[in-house]
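Structure at a glance
Chain by chain, the residues run as shown.
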Amino acid sequence: MFIGIDDTDSEQGLCTTYLAAIMMKRLSRVGEIRGFPRLVRLNPCVQFKTRGNAAVAFEFETDQSKRARELALQTFYEFSDLSGKNTNPGIVIAEDPSSTITEFYRKAATDILSINDALNILENENIWHRGLKNGRGLIGALAAVGAEFADFTHELIVYRQRTRWGMPREIDAKSVWQADALTYPQTWDNVDYFNNRIVFSPNSADPVLFGIRGEKIEAILKAFQIIKSEPAELKVLYKTNQGTDAHILEGKISGVEDDRSYKLCGTVQDKPWIIKGGHVFFSIHNGSKMVCSAFEPTKHFRNTVKKLIPGDFVEVYGAVRSGTLNLEKIQVLNLVEQVSYQAPICPSCRRRMESSGMNQGYRCRHCRTRIQARHHVKLQRDLEKGYYEVPPSARRHLSKPLVRMNGEIVHPSR
Ligand code: ATP
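Just so we're clear, the structure is a prediction, and the values are computed from it rather than from any experiment.

1. A look at the domain arrangement of the protein chain
Annotation of the protein chain at the domain level lists domain 1 (2-146), domain 2 (153-240) and domain 3 (248-335 + 381-395). At the interface, 17 residues of domain 1 touch 20 residues of domain 2. Each partner contributes to the roughly 1500 Å² buried at the junction of domain 1 and domain 2, and carbon and sulfur atoms together form 67% of this total. Considering only the surface of domain 1 that becomes buried against domain 2, Tyr-18, Phe-36 and Leu-39 emerge as the three largest contributors, covering 41% of it. Between domain 1 and domain 2 we count 0 salt bridges in total. Between the two partners, domain 1 and domain 2, sit 7 residue pairs in polar contact (both at pLDDT 80 or more). It is helix H1 (residues 16-27) that contributes the most residues to the side of domain 1 that touches domain 2, 6 residues altogether. Counted by class, the side of domain 1 that touches domain 2 contains 11 nonpolar, 2 polar and 4 charged residues.

What follows is the structure in structure tokens.
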């Protein structure tokens, strides 16, 4: 059986992945978990998410399916935080997910779906499910059951002992920097060098102590061995679509819709501008116009964006909100020549000349030499071609980090 769960936690506490970890532990009494459990990130733009729009699914083999279902359901009730205003838990147990469910996953990662979209499939295919309150969690639970990853990474999530929930986390910072130094780029987003922060551990009251993301399991386990922390209650290694760009749609500017994420090509139309709060904007054009933004939390990524000039050709990646694309990364494909129309040095007396007026060339005040031709100096561009990304502290879970973009010109942010 394939068990999918979503929307069981609230801002106040608990975590769907923790519920799944407990459920798997309990179920192991009556059967066997097959392969890695899946940590499935869905459309990061959905309105009702608590944090990172995650759902979990795992494959379970048993000859006691009735007992297994009872145990799963009991854990689901016990570890769902029904007090949460936006908590609407869902659990789905399917025998063999159909291609319709896999397609539902793809849509859930990129599009906005309704509870009825999930219910229609569940009823048509006669799939066992339970939804609490309005049952919105059935969307994520069904999507997780159907998830097939074209690309994947792993995350080891380590959970705190219950007696410590809500208390400050005890993690030896030095050991985290060391673990990162010894395993990057096979693990990533443990720390943010530029912003001098540890980013692999949440600050909230939930049961997660930290999560190590990476490509190779050996590297993740190596990092785990190095990190010194408070004792853990449980740890689970997930297979996940994090870091794969599974949320990104290819499209044309004219066809984009809000609350979806795209990669779009276009020519930079105007000089980037900055608004109060330090948010940077520019627009691209390719048949239609799209305003792109690098918000203040993207920190030094904004310095890259500010170096763009009209005429540069770029590919932008990000979520569209209120008609503006919020940048996750950018590929600079072509840089135009940047020139300055500074007055030239006088060829006779070597002093700086001055403009004689619009389109009237230059004159030298000292020796009265005149030049008619418009003079420009080619400036060195302080920007190279290739991909640039937001720092780890601002990265979306689904965004593919540049260290995973083999064979491309990349400028990773670490
Ligand atoms: P956590 O990361 O702590 O598990 P979360 O950020 O995953 O929390 P949820 O509490 O799971 O957030 O809330 C997200 C809700 O949105 C769930 O009910 C889920 O079923 C639903 N959902 C997921 N993807 C979509 C989608 N594409 N369209 C509409 N609703 C969605």
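2. Quick notes on helix H2 (residues 65-78)
Its 14 residues give H2 an end-to-end C-alpha distance of 20 Å, which sits within 8% of 20 Å, the value for a rise of 1.5 Å per residue. Burial in H2 covers these residues: Ala-68, Leu-71, Ala-72, Leu-73, Thr-75 and Phe-76. Lining the buried residues of H2 we find strand S1 (2-6), H1, strand S3 (54-61), strand S4 (90-94) and strand S5 (128-131).

3. Regarding the site of the ligand
Near the ligand there are 22 residues, and of these Asp-7, Asp-9, Arg-51, Asn-53 and Ala-54 occur at the shortest range. At 2.5 Å, a side-chain N or O of Asp-7 approaches an oxygen atom of the ligand. Take Phe-48: an N or O atom from its main chain is 3.4 Å from an oxygen atom of the ligand.

4. Looking at unusual backbone geometry
Cis geometry is found at the peptide bond from Tyr-184 to Pro-185, where omega equals 5 degrees. Phi angles above zero are rare outside glycine, and Asp-7 is one such case at about 60 degrees. Structurally, Asp-7 can be placed in the loop between S1 and H1.

5. Description of the side chain of Asp-81
Here Asp-81 shows up in the loop between H2 and S4. Here Asp-81 sits buried without a salt bridge, and the closest side chain of opposite charge, Lys-133, lies 7.6 Å off (N-O distance). Within the local environment of Asp-81, its side chain forms a polar contact with the side chain of Ser-10, the two groups lying 2.5 Å apart. Look past the residues within four positions of Asp-81 in its chain and what remains in contact with it is Thr-8, Ser-10, Gln-12, Gly-13, Leu-14 and Thr-87.

6. What about helix H4 (residues 115-124)?
Among all positions of H4, only Ala-118, Ile-121 and Leu-122 are buried. End-on, the buried residues of H4 take up no more than an arc of 100 degrees, which puts them together on one face. Seen from the open side of H4, the exposed residues pointing more than 90 degrees away from its buried face are Glu-123 and Asn-124. Immediately downstream of H4, the backbone of Asn-126 shows phi near 55 degrees, a positive value.

7. Considering the nonpolar core
By size, the foremost hydrophobic cluster in this structure holds 35 residues, and its most contacted members are Ile-3, Met-23, Leu-27, Ile-91 and Tyr-159. Listing elements by their share of this core, those giving two or more residues are S1, H1, S3, H2, S4, strand S6 (153-160) and strand S11 (232-240). Take this core: its biggest share by element is 8 residues, from H1. Mapping this core onto the domain boundaries places at least three of its residues in each of domain 1 (2-146) and domain 2 (153-240). Excluding anything up to four places from it in sequence, Ile-91 contacts Ile-3, Gly-4, Met-23, Ala-72, Leu-73, Phe-76, Trp-128, His-129, Arg-130, Leu-138 and Ala-141. In terms of nonpolar packing, the next biggest core, distinct from the first, is built from 26 residues, Ala-57, Ile-101, Ala-109 and Ala-144 among them.

8. Digging into the environment of Leu-156
Structurally, Leu-156 can be placed in strand S6. Linking Leu-156 and Phe-58, residues 98 residues apart in sequence, is a C-alpha distance of 15 Å. Discounting residues that sit within four places of it in the chain, Leu-156 has contacts with Phe-210, Gly-211, Ile-212, Ile-220, Leu-221, Phe-224, Lys-235, Val-236 and Leu-237.

9. Brief notes about the pairing of strand S13 (residues 261-268)
The pairing of strand S12 (residues 248-250) with S13 spans 3 bridges and is parallel. Paired with Glu-250 across the strands is Lys-263, a residue of S13. Relative to strand S17 (residues 313-321), S13 runs antiparallel, the two being bridged by 7 bridges. In the strand pairing of S17, Tyr-262 is matched with Gly-318. As judged from the 2 bridges shared by S13 and strand S15 (residues 279-286), these two strands associate in the antiparallel manner. Bridged to Val-268 within S15 is Ile-284.

10. Some details on the sheet that holds S1
Taken in spatial order, the 9 strands line up as S5-S4-S1-S3-S2-S11-S6-S10-S7 in an open sheet, and their pairing is mixed. Only two strands of the sheet have a single neighbouring strand rather than two, namely S5 and strand S7 (187-188). Pairing between S7 and strand S10 (residues 208-214): 2 bridges, direction antiparallel. Residue pairing in the sheet places Thr-187 in a bridge with Gly-214 of S10.

11. Points about the packing of aromatic side chains
What the rule picks out here adds up to 11 aromatic pairs. Judged by centre distance (5.1 Å) and plane angle (85 degrees), the rings of Trp-177 and Tyr-193 are edge-to-face. One end of the pair, Trp-177, is in helix H6 (residues 173-183); the other, Tyr-193, is in the loop between strand S8 (191-192) and strand S9 (197-198), and 16 residues separate them in sequence. In this structure, Lys-329 packs its charged tip against the face of Tyr-317, placed 5.0 Å from the ring centre.

About the cut-offs
For every chain, the first residue of its written sequence is number 1, and the numbers climb from 1 along that sequence. Reporting of local features is limited, given that this is a predicted model, to residues whose pLDDT is at least 70; pairs of side-chain atoms are given and counted only at 80 or more, and all residues count toward the totals for whole chains, interfaces and linings. The basis for the side-chain values is all heavy atoms of the structure; hydrogens and waters are excluded. The source of the domain bounds is an automatic or database domain assignment. Residues count as neighbours in contact if any of their non-hydrogen atoms are within 4.5 Å of one another. Each of two parts loses accessible area, computed with a 1.4 Å probe, when they are put together; buried area is these two losses added. The rule for a salt bridge is simple: a side-chain nitrogen of Lys or Arg has to be within 4 Å of a carboxyl oxygen of Asp or Glu. Pairing of N or O atoms within 3.5 Å defines a polar contact, subject to two protein rules: one partner must be a possible hydrogen donor and the other a possible acceptor, and residues neighboring in sequence count only if both atoms are side-chain atoms. Secondary structure follows DSSP: runs of H or I at least 4 residues long count as helices, runs of E at least 2 residues long count as strands, and numbering of each begins at the N terminus. Charged means Asp, Glu, Lys or Arg here, nonpolar means Ala, Val, Leu, Ile, Met, Phe, Trp, Tyr, Cys or Pro, and polar covers whatever is left, Gly included. Helix span is expected to be 1.5 Å times the residue number reduced by one. Here's how the labels work: a residue is buried when its accessible area is under 20% of the maximum for its type, exposed when over 50%, partly exposed in between, all with a 1.4 Å probe on protein chains only. The near set for a molecule or strand comprises every residue that places at least one heavy atom within 4 Å of it. Residues scored as positive are Lys and Arg, those scored as negative are Asp and Glu, and His as well as the terminal groups of each chain are ignored. The directions from the helix axis to the C-beta atoms are what the arc is built from. For this analysis, a nonpolar core means a set of buried residues of the types Ala, Val, Leu, Ile, Met, Phe, Trp, Tyr and Cys, connected via side-chain atoms within 4.5 Å. In short, DSSP must find at least two bridges between two strands for them to pair. Aromatic rings from Phe, Tyr and Trp, taking only the six-membered ring of Trp, are treated as a pair when their centres fall within 6.5 Å; an angle between ring planes under 30 degrees marks them as stacked, one over 60 as edge-to-face, and anything in between as tilted. Over a ring means this: the NZ of a Lys or the CZ of an Arg is within 6 Å of the ring centre and within 35 degrees of the ring normal.

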